[in-house]
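What follows is the residue order along each chain.
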Amino acid sequence: MSHKRIPKRKAAMAVGGVVALGAAAILLPNANASQDGASDGVAAAPKTLKAGDASDLATRLAGTLGDAYAGAWYDGEDKQLVVNVVRGENTMALKVRSAGAEVRWVDNSMTELEAGVGTLKSEATIPGTSWAVDPRTNKILVTADSTVTGDKWDQLESTVENLGSGMATLKKSAGTFRTFASGGDAIFAGGARCSLGFNVTAGDGSPAFLTAGHCAAAGDQWSDQQGGEPIATVDQALFPGAGDFALLTYDDPATEAPSEVNVGGQTVPVVQAAEATVGQQVFRMGSTTGLADGQVLGLNATVNYPEGTVTGLIQTDVCAEPGDSGGSLFTQDGLAIGLTSGGSGDCTVGGETFFQPVTTALEAVGATLGDGGAGAGGQEQGAGQDAGDGEAGADGQAGAGDQADGQDAGTGQDGAGGQDGTGTGSGRHSGQDSGLSRTH
């Protein structure tokens, strides 16, 4: 793990030597951004946007449109933001086009969709279920894992049907929803293995890192070697409830760790935390499966784990397996997006996965990503992307158990990296890959 004390010059070189990230082809569903029935008072073409800029624009438009806003997503193929507008709200549609986004007319308002989510919460909070609003279908995507059978399935199916036609889609998953903690290697406590997410600076200025909250149940002190001396102590943790995150502070206050993700012998600088956008391509690093990629499917997702309900998560199709819990979800241009929480399936058959938003975790624990730009990470990094607010520096590092020399594949931990690259068609990458690209 690169939390080890290293000379500042070496830390700067690690960031400066980052591989250039190629622009990957992102294959997303057709946005179907028709403008049927629209009055085109403004005929300006939608702007070409980066995913982070699209997320910011969606947030602004949500506030401007009010009840006419029904969600948004990022069309990665055309690099445009698509905004759902309730049918008939022509004036609001003009505002969307004026702002540079594409309009898609829909029937379900966000208020109606959120009311449906409230009904699911009160009538169908069943272990093994999840739900999130899918802006691309303008419906609530409800998923049940393999444990939801018999009376439980009947209850869930009846609740979904009672929401009304066109309000929700019910999907069955072959796997089982679980948190991804396991015995093995990476970061350890009480016989459990998890993955380090992102190094941060705690509110008192001490070096720390984020991981999954459910990992903290295994113990207060964590090591970077199985049976080794502790290197960090749990300071704050939340699970279940309104999130799945934990802040651990390094026991040695002189610990230095660059703000980066080790993707198998090479590093990606983490320039700042950012909100996820539906349709956005993302990458996950974990101590079991190494590097995997996919796209964001939903926001503010609710997952009913056996241990309890967790809300406010990001839903994706990125694969993950036990031991990947807490690992980093990020973009190819160095934006920290999430921490691995759990899901179903594995990196052979795929499945649904859920992540704790980094922005929410940082706000809750009072931490910051990096040191505000004082270190090398505060410079413009990551495939020519601006560093945004410059929240990166020598105090942060991402990735699951990466080594200071960065030579081990996948996670950089003995044993774990060797598992990387064995899957086919599952979104996994070999630890020897020279950059980030979407698998096929």
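Cut-offs and rules
Residues numbered from 1 in each chain as written. Predicted model: local features only at pLDDT ≥ 70, side-chain atom pairs only at ≥ 80, totals over all residues. Heavy atoms only, no water. Disulfide = S-S within 2.5 Å. Helix = DSSP H or I, 4+ residues; strand = E, 2+ residues; numbered from the N terminus. Buried < 20%, exposed > 50% of the residue type's maximum accessible area, 1.4 Å probe, protein only. 1 Å grid on protein atoms, 1.4 Å probe; cavity = no way out; pocket = protein on both sides within 12 Å on 5 of 7 lines; lining within 4 Å. Points joined across faces, edges and corners; volume = space filled by probe spheres on them. Nonpolar A, V, L, I, M, F, W, Y, C, P; charged D, E, K, R; others polar. Arc of directions from axis to C-beta. Contact = heavy atoms within 4.5 Å. Phe/Tyr/Trp six-rings, centres within 6.5 Å; stacked < 30°, edge-to-face > 60°. Salt bridge = Lys/Arg side-chain N within 4 Å of Asp/Glu carboxyl O. Axes fitted to C-alpha atoms, helices over the stretch in contact; angles between N-to-C directions. Parallel < 35°, antiparallel > 145°, perpendicular 65-115°, else oblique. Left-handed = near helix turned anticlockwise from the far one by under 90°. Polar contact = N/O pair within 3.5 Å; in protein donor to acceptor, adjacent residues only side chain to side chain. Pairing = 2+ DSSP bridges. Right-handed = clockwise from strand over helix to strand, strands pointing away.

Asker: Which parts of the structure should I look at to understand the state of the cysteines?
Answerer: The tally for this structure, following the rule as stated, stands at two disulfides. Paired through a disulfide, cysteine 194 and cysteine 215 show a sulfur-sulfur distance of 2.0 Å. The disulfide joining cysteine 194 to cysteine 215 has a torsion of about -95 degrees about its S-S bond and is therefore left-handed. Remark: cysteine 215 occurs in the loop between strand 11 (207–211) and strand 12 (221–223) and cysteine 194 occurs in strand 9 (residues 192–194); sequence separation between them is 21 residues. You'll find cysteine 194 and cysteine 215 in the same group, each marked buried. Between cysteine 319 and cysteine 347 runs a disulfide, and the two sulfur atoms are separated by 2.0 Å. The sign of the S-S torsion, about 90 degrees, decides the handedness of the disulfide formed by cysteine 319 and cysteine 347: right-handed. Of this pair, cysteine 319 sits in the loop between strand 20 (308–316) and strand 21 (328–330) while cysteine 347 is found in the loop between strand 22 (335–343) and strand 23 (353–357), placing the two residues 28 residues apart along the sequence. By the burial criterion, cysteine 319 is buried, and cysteine 347 matches it. Along the chain, the cysteines that take part in disulfide bonds pair up as 1-2, 3-4, counted in sequence order.

Asker: Honestly, the layout of surface pockets in this entry has me stumped. Any pointers?
Answerer: Gaps between atoms show up when a probe of the same size as a water molecule is rolled over them. Size it by volume and the largest pocket reaches roughly 700 Å³. Taken together, 27 residues make up the lining of the largest pocket; nearest its centre are Tyr69, Ala276, Gly298, Leu299 and Asn300. When residues of the lining of the largest pocket are traced back to their parent elements, those giving at least two are helix 2 (51–65), strand 1 (69–75), helix 4 (110–123), strand 4 (129–134), strand 19 (290–305) and strand 20. Class assignment of the residues belonging to the lining of the largest pocket gives a composition of 16 nonpolar, nine polar and two charged.

Asker: Any chance you could explain helix 3 (residues 90–98) here in plain terms?
Answerer: Two residues of an α-helix separated by three or four positions point the same way, owing to the 3.6 residues in each turn. Among the residues of helix 3, those classed as buried are Met92, Ala93, Val96 and Arg97. Down the axis of helix 3, the sector holding all buried residues measures 145 degrees, keeping them to one side. Lining the buried residues of helix 3 we find helix 2, strand 2 (80–86) and strand 3 (102–106). Glycine 100 sits one or two positions beyond helix 3 and adopts a positive phi of about 100 degrees.

Asker: I would appreciate a short explanation of the packing of aromatic side chains in the present structure.
Answerer: Within a pair of aromatic rings, the relevant descriptors are the distance that separates the centres and the angle that separates the planes. A complete count under the given rule lists four aromatic pairs for this structure. The interplanar angle of 85 degrees and the centroid separation of 5.7 Å between the aromatic rings of phenylalanine 177 and phenylalanine 354 together place this pair among those described as edge-to-face. Linking phenylalanine 177 in the loop between strand 6 (168–172) and strand 7 (178–179) with phenylalanine 354 in strand 23, this pair joins segments that are 177 residues apart in sequence.

Asker: So what exactly am I meant to see when it comes to the pattern of salt bridges here?
Answerer: Pairing between side chains of opposite charge can happen when the charged atoms of each approach one another. Applying the stated rule across the entire model yields four salt bridges. A salt bridge links lysine 171 to glutamate 352; the nearest nitrogen and oxygen atoms lie 2.9 Å apart. In this pair, lysine 171 sits in strand 6 while glutamate 352 sits in the loop between strand 22 and strand 23, placing the two residues 181 residues apart along the sequence.

Asker: Please explain the packing of helix 4 against helix 5 (residues 150–162) as it appears in this structure.
Answerer: Two quantities define a packed helix pair, namely the angle between the helix axes and the distance between the axes. Look at helix 4 against helix 5: their axes get within 10 Å of each other, and the N-to-C directions meet at 155 degrees. Comparing their axes, helix 5 and helix 4 come out roughly antiparallel. Both helix 4 and helix 5 take part in a crossing whose hand is right-handed. Facing helix 4, whose interface residues are Thr119, Leu120 and Glu123, helix 5 presents Gln155, Thr159 and Val160. Across the contact of helix 4 with helix 5, the residue classes break down as two nonpolar, three polar and one charged.

Asker: Explanation requested: the environment of glutamine 280 in the structure shown.
Answerer: Topologically, glutamine 280 is positioned in the loop between strand 17 (272–273) and strand 18 (281–286). Of the residues examined, glutamine 280 reaches a relative accessible area of 1% and is grouped as buried. When sequence neighbours within four positions are dropped, the list of residues in contact with glutamine 280 reads Ala51, Tyr74, Glu275, Gly294, Gln295, Val296, Thr331 and Ile337. Within the structure, glutamine 280 has its side chain in polar contact with the backbone nitrogen of threonine 277 (distance 3.0 Å).

Asker: Before we go on, may I ask you to explain the pairing of strand 3 in this structure?
Answerer: Each regular strand displays side chains that alternate between the two surfaces of the sheet. Across the five residues that make up strand 3, a large majority, five, are buried. Residues Glu102, Arg104 and Val106 of strand 3 are buried on one face, and the alternating residues Val103 and Trp105, pointing to the opposite face, are buried as well. Here strand 2 runs beside strand 3; their pairing, made up of five bridges, is parallel. Bridging across to strand 3, valine 86 finds its partner in valine 106. For the segment spanning strand 2, helix 3 and strand 3, crossover handedness is right-handed.

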